[in-house]
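Structure assessment
Okay, here's what each chain looks like letter by letter:
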Amino acid sequence: MTRQARALETRAVIIRAAADVFDAVGYGGASMADICVAAGLTKGALYFHFASKEALALAVIDAQHKRAIGLGDELLHSEQPGLHVLLQMTFELGKQVRDDPVSRAGIRLTMESSNLSVPVVRPYEDWIAACAVLLQRAILDGDVRADVDVAAAARFISPAFTGVQVVSGVLTGRADLMQRIVEMWSFVLPSLVVPGRWDALRTLPAELADIWG
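Concerning the overall build of the protein
Counting secondary structure elements, the protein contains 11 helices and 0 strands. For the protein, the proportion of its 213 residues judged to be buried stands at 46%. Taken as a whole, the protein presents about 10600 Å² of accessible surface, with 58% of it coming from carbon and sulfur. When the 20 positive and 24 negative side-chain charges of the protein are each reduced to one mean point, those points stand 7 Å apart.

Things to note about the nonpolar core
Within the largest apolar cluster, 40 residues are counted, with the highest numbers of intra-cluster contacts made by L83, F91, L135, I157, W185 and L192. At the level of secondary structure, the elements contributing two or more residues to this core comprise α4 (53-76), α5 (82-99), α7 (122-141), α8 (150-172), α9 (177-188) and α11 (204-212). Excluding anything up to four places from it in sequence, L83 contacts L134, A138, D143, V144, L189, V193 and L201. Judged by nonpolar contacts, the second largest core, of 24 residues, contains A18, C36, A57 and A63.

Regarding the packing of aromatic side chains
Throughout the structure, instances matching the rule amount to 1 aromatic pair. K53 extends its terminal NZ or CZ atom over the ring of Y27, reaching a point 4.3 Å from the ring centre.

A look at the side chain of D100
One can find D100 in the loop between α5 and α6 (101-111). With a relative accessible area of 15%, D100 lands in the buried category. Discounting residues that sit within four places of it in the chain, D100 has contacts with R67 and K95.

Concerning the packing of α7 against α8
Packing of α7 against α8 brings their axes to within 8 Å, and their N-to-C directions diverge by 130 degrees. Viewed along their axes, α7 and α8 adopt a mutual orientation that is oblique. Helix-helix and strand crossings are classified by hand; for α7 and α8 the assignment is right-handed. Mapping the contact onto sequence places W127, I128, C131, A132, L135, Q136 and I139 in α7 and V150, A153, A154, R155, I157 and S158 in α8. For the contact of α7 with α8, a count of residues per class yields 10 nonpolar, 2 polar and 1 charged.

What counts and what doesn't
Residues numbered from 1 in each chain as written. Predicted model: local features only at pLDDT ≥ 70, side-chain atom pairs only at ≥ 80, totals over all residues. Heavy atoms only, no water. Helix = DSSP H or I, 4+ residues; strand = E, 2+ residues; numbered from the N terminus. Buried < 20%, exposed > 50% of the residue type's maximum accessible area, 1.4 Å probe, protein only. Areas by Shrake-Rupley, 256 points an atom, 1.4 Å probe, with all protein chains shown as cover. Lys, Arg positive; Asp, Glu negative; His and termini not counted. Charge placed at Lys NZ, Arg CZ, Asp CG, Glu CD. Core = buried A, V, L, I, M, F, W, Y, C linked by side-chain atoms within 4.5 Å. Contact = heavy atoms within 4.5 Å. Phe/Tyr/Trp six-rings, centres within 6.5 Å; stacked < 30°, edge-to-face > 60°. Lys NZ or Arg CZ within 6 Å of the ring centre and 35° of its normal. Axes fitted to C-alpha atoms, helices over the stretch in contact; angles between N-to-C directions. Parallel < 35°, antiparallel > 145°, perpendicular 65-115°, else oblique. Left-handed = near helix turned anticlockwise from the far one by under 90°. Nonpolar A, V, L, I, M, F, W, Y, C, P; charged D, E, K, R; others polar.

Here's what the structure looks like:
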């Protein structure tokens, strides 16, 4: 293995270990010493890759965002109807958050970013923008009403999902997250869907929950 490959592997080990620690105790409760122990590395090895706890937290956020954006890009470029893609995205992101420590830690750190010297806004902006694109596509598909305020709906749906997964995490460790996302959509969809399309779309959240649950 080349030196560069070893360095990349070590960096990945550190990010995964840091994610476990940040996920468990948050940014304020984590220490570089804890992360060293979790990664099985010396402080020297850790600081060689990351100069501070903040730099490491930002790396975890970036890793989570890349995973989420990779999923989003794949779905955005699919030929499925926009509303189907939007709902599918929430369930797939829910699965990431439920099952992947890096995703959980990245989202927790993003919400705790007031502790950081650098504002973390891009994840929110990217997902709000993705929601707006998909809602506009859904209008053209004939599934979402043409009079829906797309920007306002996008600004609501993205933080609504964030709140749902956070509360699910607090109450059940996200064991009930898929059902909570179904409930979220059961309130949101009636305000979006063209009345004539409601019978065809009303069961879509439950169907997706069965796939990703």
